[in-house]
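Secondary and tertiary structure notes
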Amino acid sequence: LFPVSTPGLTQLPGFARGEEEALLAAVEAVIAMAPWRQVVTPGGKPMSVHMSNCGAAGWVSDRRGYRYSAVDPLSERSWPAMPGCFARLAARAAAAAGFAGFAPDACLINLYEPGARMALHQDRDEVDFSAPIVSLSLGLPAVFLWGGAARADKAARIELHSGDVVAWGGAARLNFHGVLPLREGVHPLLGRRRINLTFRKAL
Ligand code: MD3
Ligand code: FE
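No experiment lies behind these values; they were computed from the predicted model shown.

1. A short note on the overall build of the chain
The helix and strand inventory of the chain stands at 2 helices and 15 strands. Over its C-alpha atoms the chain spans a radius of gyration of 16 Å, differing by no more than 12% from the 17 Å that the globule rule assigns to 203 residues. Taking all 203 residues of the chain together, the buried fraction comes to 38%. A separation threshold of at least 6 residues defines the contact pool for the chain, and within that pool the share at least 24 residues apart is 75%.

In structure tokens, the structure reads:
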């Protein structure tokens, strides 16, 4: 297992392989407290991806806009604490990608079922763009689109498999990116699902 790097992006293929079962159990424990929900964009369209969060802050979207919130709007309570296995994995992966001392305070959990996608976008709701974002993929494979600084820049395609971790930072932190519609399939642990965790420093 060795890192694959282009400026601002470090792929750690299989970094979490062997931990997938424990990580999935931790996801399910979060979901028991903060269930999956389909948020609407400010334009009023429901996203095809279902979401939840854990940590001090969670990413939310509604007619009023995108933002981080310390409170789950469904329960009106704090988001579940970030499981220790998430925080440790994110810190280990960030260090392997050259970002020592990464301590995420937010973890957005995305659920894709076949057909679900994420349109090209930038992640710019965080306060401090100097911190990286670390992502962990579980379940069915997905095609990730890695664009440039402008929406019109041609996007490269990167296949992400269960257990893969990617860290994004530095110059590429604000690059456009997205996910193609999830293909039909069955994963031995997750069934017809892909779950993506993004660890962020939001506050
Ligand atoms: C590159 N999620 O939640 S993770 C998102 O697979 C998001 O669910 C995708 O884009 C998913 O915002 C891709 C990889 C990712 C996340 C954040 C980034 C790549 C990024 C921020 C800046 C640049
Ligand atoms: Fe994103």
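2. Some words on the sheet that holds strand S12 (residues 156-160)
Through backbone hydrogen bonds, the strands of a sheet pair up, either in parallel or in antiparallel fashion. The strand order across the open sheet formed by 4 strands is S9-S14-S11-S12, and the pairing between neighbours is antiparallel. For this open sheet the edge positions go to strand S9 (118-121) and S12, each flanked by a neighbour on one side alone. Strand-to-strand twist in this sheet, taken as the mean axis angle between neighbours without regard to direction, amounts to 20°. Pairing between strand S11 (residues 142-146) and S12: 5 bridges, direction antiparallel. Bridging across to S12, Val143 finds its partner in Glu159.

3. Let's talk about the site of ligand 1
Taken together, 15 residues are adjacent to ligand 1, and Asn110, Asp123, Ser135, Trp168 and Asn196 come closest. Secondary structure elements with two or more residues in the shell around ligand 1: strand S8 (106-112), strand S10 (133-139), strand S13 (165-168), strand S14 (177-179) and strand S15 (194-200).

4. Some remarks on the nonpolar core
Ranked by internal contacts, the top residues of the largest apolar core, which has 52 residues, are Ala93, Cys107 and Val134. Examining the composition of this core, we find that 6 residues originate from one element, S8, more than from any other. Discounting chain neighbours no more than four positions away, the residues touching Val134 are Ala90, Ala93, Ala94, Phe102, Val165, Ala167 and Phe199.

5. Topic: the environment of Met82
Note that Met82 resides in the loop between strand S7 (77-78) and helix H2 (84-96). Considering only alpha carbons, one finds Met82 and Gly55, 27 residues apart in sequence, at a separation of 4.4 Å. The contacts of Met82, once residues within four sequence positions are left out, are Cys54, Gly55, Ala87 and Cys107.

Scoring rules and cut-offs
- The residue count restarts for each chain, going from 1 along the sequence in the order it is written.
- As they are written, the chains are lettered A onward and the ligands numbered 1 onward, keeping that order.
- Only residues with pLDDT of at least 70 get local features here, since the model is predicted, and only at 80 or more are side-chain atom pairs given and counted; chain-wide, interface and lining totals rely on the full set of residues.
- Strands here mean DSSP runs of E at least two residues long; helices mean DSSP runs of H or I at least four residues long; both are numbered from the N terminus.
- The quantity called the radius of gyration is restricted to C-alpha atoms. Its globule counterpart is 2.2 Å times the number of residues to the power 0.38.
- Partly exposed residues are those falling between the two cut-offs: more than 12 but fewer than 20 other C-beta atoms within 10 Å of their own, whereas 20 or more means buried and 12 or fewer means exposed, with C-beta atoms placed from the backbone.
- Contacts are defined on C-beta atoms placed from the backbone: any two residues whose C-beta positions lie within 7 Å are in contact.
- Criterion used throughout: strands pair if DSSP finds at least two bridges between them.
- To get an axis, fit a line to the C-alpha atoms, keeping to the stretch in contact for a helix; angles then go from 0 to 180 degrees between the N-to-C directions.
- Using a C-beta atom placed from the backbone, a residue is scored as near a molecule or strand whenever that atom is within 6 Å of it.
- By convention in this section, buried Ala, Val, Leu, Ile, Met, Phe, Trp, Tyr and Cys residues joined through C-beta atoms within 7 Å make up a nonpolar core.

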